[in-house]
Structures are given as C-alpha cells and as structure tokens.
Amino acid sequence: MIIAIDGPAASGKGTLARRIAAHYALPHLDTGLLYRAVAARCLALGLLDDVAASEAAAARLDVAAIDPEALRSAAMGEAASVVAARPGVRAALLDLQRRFAAQERGAVLDGRDIGTVICPDADVKLFVTAAPQVRAERRFKELAGRGAAVTFADVLADIEKRDERDSLRSAAPLVKADDAALLDTSALGIEAAFDAAMALVTQRLGQRG
Ligand code: C5P
C-alpha cells in the first residue's frame, strides 16, 4: 500500500505521515529531507547558485548519511526550495523515491509532488494544507522552541515566499492531485488532524476495495 501525502510547508503533513506510517507499520520517507540535503551540500561548497553542482549533489546523494536534525533550519528550507526548482535535481532524485515506494509492503512518502509525479498510482493521496498564518504560527513556535532567533514576521514571509516558489515553478509544482483528498488542518490540533486523516485514508482504501 502506497500512501502519498503532499502539502505546503508546516501544513502538518510530516507529522501526519509519520503517524500514519506508524499506524500501518510502513516505512516512511520525508522527501523534503532529500532536497534539504542537496541544498546543504551546495551551501557547504558555496555553490547554491550553480545548477550543475546541485545536480551532481543530487546524483551522489547518500540517503543513509542524512542527518535530519542538521537540516531543520528555515535557511535550509529556503535553500532546498531553490535547488528543488531545478528539473535536473528533481530527475536525479526520482528513482530513489520510486524505489522507496516500491518496497514490498508499501510505504508512506510525504513531499510536494508525491501524488502527482513520484507515485501517481498511489493507493491513497492526501493533500494537507492550512492557512499561511496558522502554518507560520506553528513553524514559529517550533523554531523558537529550539532556541532559534526568529520573528513571527520573518517566519510568515519565509512561508509565503516558499509557497510561491514551490507553486509557481515549472518542474513538478506544488499542486493537489485531482484524485487527492483535501485535508485543511487550520482549525485542527495534532490529534484531531490525525483522526481526520485516518478517516480519509480508510475511506479511500474502502473505495479501492
Ligand atoms: O518539506 P520541506 O519543508 O522539508 O521541503 C523543503 C523544500 O523542498 C520545499 O520547500 C520544496 O521546495 C522542496 N520539496 C520538493 N518536493 C518534495 C519535497 C520537498 O520540491 N517532494
């Protein structure tokens, strides 16, 4: 069973993907980490603006060596969205995402283009969203809780900029797949969002028999 979960930054999709994967005991891939890891490599080399360097970093990406904690910053999310707009980078990361999805029991993947490009035949597709203000509040609390020196205004501006870049790019833009179920978590806490997501997943699975 393949479950594809897409949505904008801080929509809650990552938390929901982890919880849904745990519920079904399926492996989970946070595909945003792949783009963040490519961006981190480019930043370390001082080559974020170099398209060929980012494509090479994507082609040589060692998933086992990714340290999620080192990639969580807002700056890394921003840099990730820069490299993610490049078709060559996306092409270099396609196979490893499809291989992950093709595991025997299935998998849960979350990102921006899982239901549209990576796994167009996924058994279940969710598009998780929330109002920009709400997403910025969540992200601000998370970053401030980790001691980051950020303001709410900066976080909101970052989210709006990333939404725009991710949605307007020509390569695999952030868009809801036609057959994805929409879940707006603006008014939902984690537990209520999980319950709503599980209701949609079981409904979809029921429809597929
Ligand atoms: O989900 P996360 O915030 O970690 O993603 C960082 C950036 O990586 C996103 O803003 C987006 O530009 C890019 N991304 C993508 N496709 C995915 C996952 C992430 O383009 N499947």
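As shown above, the structure is provided for reference.
From a predicted model like this one, the values you see are computed outputs, not experimental measurements.

The full set close to the ligand counts 15 residues, and Arg-36, Arg-90, Arg-162, Asp-166 and Arg-169 are the nearest of them. A distance of 2.9 Å is found between a nitrogen atom of the ligand and a side-chain nitrogen or oxygen belonging to Thr-31. Asp-166 places a polar side-chain atom, nitrogen or oxygen, 2.6 Å from an oxygen atom of the ligand. When isolated, the ligand has an accessible area of 460 Å², and the protein chains bury 96% of it. In a pocket analysis with a 2 Å cut-off to the grid points, the ligand is assigned to the largest pocket. Sorting the residues of the shell around the ligand by element identifies helix H2 (32-45), helix H4 (74-84) and helix H8 (152-168) as the ones contributing at least two each.

Turning our attention to the pairing of strand S1 (residues 2-6). Along S1, four of the five residues are buried, which leaves the element largely enclosed by surrounding structure. Relative to strand S3 (residues 107-111), S1 runs parallel, the two being bridged by five bridges. Residue pairing for S3: Asp-6 is matched across the bridge by Gly-111. Alignment of S1 against strand S4 (residues 124-129), held across four bridges, turns out to be parallel.

Each strand in a sheet pairs with its neighbour through backbone hydrogen bonds, running either in the same direction (parallel) or in the opposite one (antiparallel). Pairing within the open sheet is parallel, and its five strands lie in the order S2-S3-S1-S4-S5. The open sheet has two edge strands, strand S2 (28-30) and strand S5 (181-184), and neither has a second partner. The sheet shows a mean angle of 20° between the axes of neighbouring strands, taken without regard to direction. Note: S4 against S5, four bridges, orientation parallel. Bridge pairing in S5 links Val-128 to Leu-183.

Cut-offs and rules
- Residues numbered from 1 in each chain as written.
- Predicted model: local features only at pLDDT ≥ 70, side-chain atom pairs only at ≥ 80, totals over all residues.
- Heavy atoms only, no water.
- Near = heavy atom within 4 Å.
- Polar contact = N/O pair within 3.5 Å; in protein donor to acceptor, adjacent residues only side chain to side chain.
- Areas by Shrake-Rupley, 256 points an atom, 1.4 Å probe, with all protein chains shown as cover.
- 1 Å grid on protein atoms, 1.4 Å probe; cavity = no way out; pocket = protein on both sides within 12 Å on 5 of 7 lines; lining within 4 Å.
- Sits in = over half its atoms within 2 Å of the grid points.
- Helix = DSSP H or I, 4+ residues; strand = E, 2+ residues; numbered from the N terminus.
- Buried < 20%, exposed > 50% of the residue type's maximum accessible area, 1.4 Å probe, protein only.
- Pairing = 2+ DSSP bridges.
- Axes fitted to C-alpha atoms, helices over the stretch in contact; angles between N-to-C directions.

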